[in-house]
Amino acid sequence: MASPPSGPRLMLRRMREIMAETSDKQVRLDRVVVLIANNMVAEVCSVYVVRLGGLELYATEGLKRHAVHLTRLRVGEGLVGRIAAESKPLNLPEAKTHPDFAFRPETGEEVYHSFLGVPIIHGGRTIGVLVVQNRTKRLYTEEEIEALETIAMVLAEIISPETVENGAADEREVRARGGGHHWEGVPIVTGVGFGQVVLHEPRVMVTNLIADNVETETERLDAALGELRFSIDRMLERADMVQVGEHREVIEAYRMFAHDRGWVRRMREAVKTGLTAEAAVERVMNETRARLRGSSDAYIKDRLHDLDDLANRLLRHLVGEDTGAEGGELPVDAIVFARNIGPAELLDYSQKQLHGLVLEDGALTGHAAIVARALGVPFVGRVENILDYVQEGDPVIVDGETGEIHVRPSPEAVAELKLKADELAQRAATYDRLRDVAAVTRDGLQVEQLINAGLLVDLPHLDRSGAQGVGLFRTELQFMVASRLPRLSKQRELYHAVLEAAGTKPVVFRALDIGGDKFLPYMRMEREENPALGWRTIRMAAERPAILKVQLRAFLMAAAGRTLKVMIPFIAEVREFEQARDILNQEMAFLKKHGHQLPEAVKIGALIEVPSILWQLDALLPQADFVSIGSNDLYQYLFAVDRTHPKLAQRYDELSPSMLNTLRHIVLKCDEYGVPLTVCGEMAGMPLEAMALIGLGFTSISMAPNAVGPVKAMILKLDAANLQEYLLPLLDSSRHSLRAPLQEYARAHDVPV
Ligand code: PEP
Ligand code: MG
């Protein structure tokens, strides 16, 4: 049975009638403010809209008419500006005594004492402020605040196209970024991407705001909540979720929120004020966002994201849309925005249509970064709260070199960045021309340039870059993108395809390197205090040898009739290398016994990245067919510095005398034992760092494919013997870093770094 319309509900119906009557927005707003004032028994009702750098009085009942479109306040200025800045209501019995009160004589508001203002929020952004005022000094009741918030939500629908047309923005964003729709994050994958915003998890747009019947809406809300809870339980039961881990924790948090009485109560109350179930979900979400957004506590921020996700899921149940990004057509120039994204999800996007990636989280060495790099997609990470400000379809430019994001860019910004993109393309073309030029220094030293890879999509880069082989194939990526442990046949297929694609060029497969920051959601892993120092990579082999066994067997089968090169990561002591080699030998014997063709040659190498092994090289090197240096981890353990810690990123330098001395020590040892040596950490792909490596005596380096050109350009201009003469004496220096003298050397000798 329909309940009789109460105050706010009746008013919402009238508002709907007004909205339907005329298409002129100003006329509608003028009539709506009169309606609100009458209904709230207020002498004043005013609407301010965020527009062109300030808040403009857009319509009023009670203030002087000529102030409309004349009175302006900056965001943060006056009571109205404060509401816009904080996205929170303000309820005052005596407005004038508030420290933020800003007097505007043209309005004639001095005779009104009490003041209630609420933000008008659309798509998570504050686009205006709705105010009622009275002559009497009084505090407005909770019900009145509720009612005004409900009205503000409906008003947002009238106002929103207006603000968008005029290019208005949420001013907190503008102020925070110093003007324009310009954001900064951490540059992760270079390149400039032009396109339009695609939300990885699209927000559901609520269009039907005003309810006809409260009972029906309450029932719809309850039914959708039931479906939501059921779907969360299903997610928790799913086979690949049964393990402990981050995934499960997030879903468990969802379950807790989905049963949270406070959340459900507030949504039900919002329905009672006359909103549809979906409008109620959105309104409560907007309020929660406004309340928690200012917090700098990472935990609270995470929970806010969880709640956002959950509210969006609930909306999908209400409007019957599919969950996930699979619904809808992907534009040809998609710039994907997400809080975070898994490597598999990223690979689901068509490579042709993916022009950029922007994440609120995201780290340089994260998995999404490795995939984005392989796909050549410009990627900026750690852009806080950007999802609150962008909308599906917004034009956007991502600058993966500087970490800048330009949302709804000005024509000047577009022109400037087009120039930059052209320049980058020209530079890339110059490097393309070096593709078939041998990497030989001016004094005749041949340098082997290899690439790092991890996916099949990386392999075309081998030819394109002109590199001589794959120095590091990170096999864990296949494991990370799968939803279960890949079977022997799957692994063999991939390794075989990689070898086929590489043709005659050599490939070094690294045995599975997981743990630390490389997490497999389907594998039982204990939560650790210090994952970087924990149960990871080769350390797991003792307890779970089957994983390594299967992988080594897959390598051997895939490389039948060819040369197989396997590298064992994270070797801290020689015994670990020996154990891995023993397993490899057992697998070879097994395959031979069962009549399988074996590789023509099998080479086993060690990845040097844990400092303890530096003092056992005399025992390791006689047993190793080759070694490679994982400079990323070696640096992190040498300096005891988390390689992803933003505060410590600049604290030490890979070009410090201690790091360079360590590297020199390894060069000399490998020379002594005649063992081939490579570096495959990120430093090998940076021209200045690569120059230092050559100065230390390295003749083989492995890097990201797009670094091959710039590093080769450096090599061609370098006199290696001359640099070595300059560099070696500097290794005894007490300096923090040798970066400056190396830069100086490069400048003086015209070496492009
Ligand atoms: C390294 O540690 O330098 C390395 C090459 O391996 P990853 O970056 O995969 O740990
Ligand atoms: Mg490593």
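Worth saying up front: this structure is predicted, and the values here are computed from it rather than measured.

Peer 1: Hey, could you run me through the pattern of salt bridges in this one?
Peer 2: When charged atoms on two side chains of opposite charge get close, those side chains can pair. Counting across every chain of the model gives 34 salt bridges. Across the pair Arg283 and Glu146 runs a salt bridge, and its minimum N-O distance is 3.2 Å. Of the two residues, Arg283 sits in helix α9 (residues 277–292) while Glu146 sits in helix α4 (residues 142–165), which places them 137 residues apart along the sequence. You can call Arg283 buried: its relative accessible area is 5%. The salt bridge partner of Arg283 is Glu287, with a shortest N-O separation of 2.9 Å.

Peer 1: How should the side chain of Ser46 be read in this particular structure?
Peer 2: As for its position among the elements, Ser46 is in strand β1 (residues 44–51). On the basis of relative accessible area, Ser46 is assigned to the buried category, the value being 0%. Only 3.0 Å separates the side chain of Ser46 from the side chain of Thr60, close enough to count as a polar contact. Once you skip the residues sitting within four places of it in the chain, Ser46 turns out to touch Leu57, Ala59, Thr60, Leu63, Val129, Leu130 and Val131.

Peer 1: How should the coordination of the magnesium ion (ligand 2) be read in this particular structure?
Peer 2: In an ideal octahedron of six donors the angles at the metal are 90 or 180 degrees, and in an ideal tetrahedron of four donors they are 109.5 degrees. Binding of the magnesium ion (ligand 2) to the protein goes through Glu609 (OE) and Asp633 (OD), at separations of 2.1 Å. Residue Glu609 is found in the loop between β19 (601–608) and α19 (617–620), and its partner Asp633 is found in helix α20 (residues 631–639); the two are separated by 24 residues along the sequence. Owing to a relative accessible area of 2%, Glu609 belongs among the buried residues under this scheme.

Peer 1: Can you walk me through empty space enclosed by the protein in this structure?
Peer 2: Over the atoms a probe the size of a water molecule is rolled, and this reveals where empty space is left. Throughout the structure, instances matching the rule amount to seven cavities of 30 Å³ or more. Put simply, the largest cavity is a space of about 140 Å³. Taken together, 13 residues line the largest cavity, and the ones lying closest to its centre are Leu512, Thr537, Met540, Ala541 and Ile547. The class makeup of the residues in the lining of the largest cavity is ten nonpolar, two polar and one charged. One number sums up the size of the second largest cavity: a volume of about 120 Å³. Lining the second largest cavity are 14 residues, with Tyr48, Leu73, Val80, Ala102 and Glu109 positioned closest to its centre. Contributing elements (two or more residues each) for the lining of the second largest cavity: α3 (78–86) and β6 (125–134). In terms of residues, the lining of the second largest cavity owes the most to one element, α3, which gives three residues.

Peer 1: Where do I start with the packing of helix α17 (residues 545–558) against helix α18 (residues 574–593) in this structure?
Peer 2: The relative placement of two packed helices is expressed as an angle between their axes plus a distance between the axes. Two numbers describe how α17 lies on α18: the axes approach to 9 Å, and their chain directions differ by 55 degrees. If you check the angle between α17 and α18, you find them oblique. Like other packed secondary-structure pairs, α17 and α18 cross with a definite hand, here right-handed. Side by side, α17 and α18 meet where Leu548, Lys549, Leu552, Arg553, Leu556 and Met557 of the first sit next to Ala580, Ile583, Leu584, Gln586, Glu587, Met588, Phe590 and Leu591 of the second. A class-by-class count of the residues in the contact of α17 with α18 yields ten nonpolar, one polar and three charged.

Peer 1: Whenever I open this one, the nonpolar core confuses me. Can you help?
Peer 2: Where a protein is soluble and globular, its nonpolar side chains tend to be buried together. In this structure, Val627, Leu663 and Met691 are the most contacted members of the largest nonpolar core, which totals 125 residues. Top element by residues in this core is α17. It accounts for eight residues. There are two domains that each give this core at least three residues, and those are domain 2 (185–411) and domain 3 (443–748). Excluding its chain neighbours within four sequence positions, the residues that come into contact with Met691 are Met714, Leu718, Leu723, Leu742, Tyr745, Ala746, Val751 and Val753. Ile145, Val214, Ala280 and Leu315 belong to the second-largest nonpolar core, a separate cluster that totals 71 residues.

Peer 1: Looking at this structure, I do not really get the environment of Leu199. What am I missing?
Peer 2: On the secondary structure map, Leu199 appears in strand β9 (residues 192–199). Note on Leu199: relative accessible area 6%, which makes it buried. It is 47 Å that separates the C-alpha atoms of Leu199 and Pro599, two residues lying 400 residues apart in sequence. The contacts of Leu199, once residues within four sequence positions are left out, are Phe337, Leu387, Val390 and Glu392.

Peer 1: Help me understand helix α25 (residues 739–748), please; the structure alone is not making it clear to me.
Peer 2: Because an α-helix packs 3.6 residues into every turn, residues spaced three or four apart end up facing the same way. Within α25, burial applies to Pro741, Leu742, Tyr745 and Ala746. Within α25, the buried residues cover an arc of 140 degrees as seen down the axis, which keeps them to one side. For α25, the exposed residues lying more than 90 degrees away from the buried face are Arg747 and Ala748. Elements that come into contact with the buried residues of α25 comprise α22 (687–696) and α24 (720–730). The positive-phi residue at the C-terminal boundary of α25 is Asp750, with phi of around 60 degrees.

Peer 1: In this structure, what is going on with the packing of helix α6 (residues 214–237) against helix α8 (residues 261–272)? I would like to understand it.
Peer 2: Close contact between α6 and α8 brings their axes to 9 Å; oriented N to C, the two are set at 155 degrees. The angle between α6 and α8 falls in the class roughly antiparallel. Note on packing geometry: the crossing formed by α6 with α8 is right-handed. Residues Val214, Glu217, Thr218, Leu221, Asp222, Leu225, Leu228 and Arg229 of α6 form the contact with α8, whose participating residues are Trp263, Val264, Met267, Arg268, Val271 and Lys272. Its residues placed into classes, the contact of α6 with α8 shows eight nonpolar, one polar and five charged.

Peer 1: Mind showing me how you'd approach the sheet that holds β1 here?
Peer 2: Remark on secondary structure: sheet strands pair via backbone hydrogen bonds, oriented parallel or antiparallel. Sheet architecture is open: six strands sit in the order β3-β2-β1-β6-β5-β4, paired in antiparallel fashion. Each edge of the open sheet is held by one strand with a lone partner, namely β3 (72–73) and β4 (90–92). Looking at chain direction, strand β5 (residues 114–122) and β6 are connected through nine bridges and run antiparallel. In the sheet register, His122 faces β6, and the bridge partner there is Arg125. In this fold helix α2 (residues 25–39) packs onto β1, β2 (54–61) and β6, with an angle of close to 65 degrees to the strand it touches most, β2. Each of β1, β2, β3, β4, β5 and β6 is contacted by α3, which is oriented at about 35 degrees to β5, the strand it contacts most.

Peer 1: Please explain the domain arrangement of the protein chain as it appears in this structure.
Peer 2: Accessible area lost during the coming together of the parts is what is often quoted as the interface size. The domains assigned to the protein chain are domain 1 (7–167), domain 2 (185–411) and domain 3 (443–748). A straight line from the C-alpha centre of domain 2 to that of domain 3 covers 36 Å.

Rules used throughout
- Residues numbered from 1 in each chain as written.
- Chains lettered and ligands numbered in written order.
- Predicted model: local features only at pLDDT ≥ 70, side-chain atom pairs only at ≥ 80, totals over all residues.
- Heavy atoms only, no water.
- Salt bridge = Lys/Arg side-chain N within 4 Å of Asp/Glu carboxyl O.
- Helix = DSSP H or I, 4+ residues; strand = E, 2+ residues; numbered from the N terminus.
- Buried < 20%, exposed > 50% of the residue type's maximum accessible area, 1.4 Å probe, protein only.
- Polar contact = N/O pair within 3.5 Å; in protein donor to acceptor, adjacent residues only side chain to side chain.
- Contact = heavy atoms within 4.5 Å.
- Donors = N, O, S within 2.8 Å, 3.2 Å for Na, K, Ca; no water.
- 1 Å grid on protein atoms, 1.4 Å probe; cavity = no way out; pocket = protein on both sides within 12 Å on 5 of 7 lines; lining within 4 Å.
- Points joined across faces, edges and corners; volume = space filled by probe spheres on them.
- Nonpolar A, V, L, I, M, F, W, Y, C, P; charged D, E, K, R; others polar.
- Axes fitted to C-alpha atoms, helices over the stretch in contact; angles between N-to-C directions.
- Parallel < 35°, antiparallel > 145°, perpendicular 65-115°, else oblique.
- Left-handed = near helix turned anticlockwise from the far one by under 90°.
- Core = buried A, V, L, I, M, F, W, Y, C linked by side-chain atoms within 4.5 Å.
- Domains from an automatic or database assignment.
- Arc of directions from axis to C-beta.
- Pairing = 2+ DSSP bridges.

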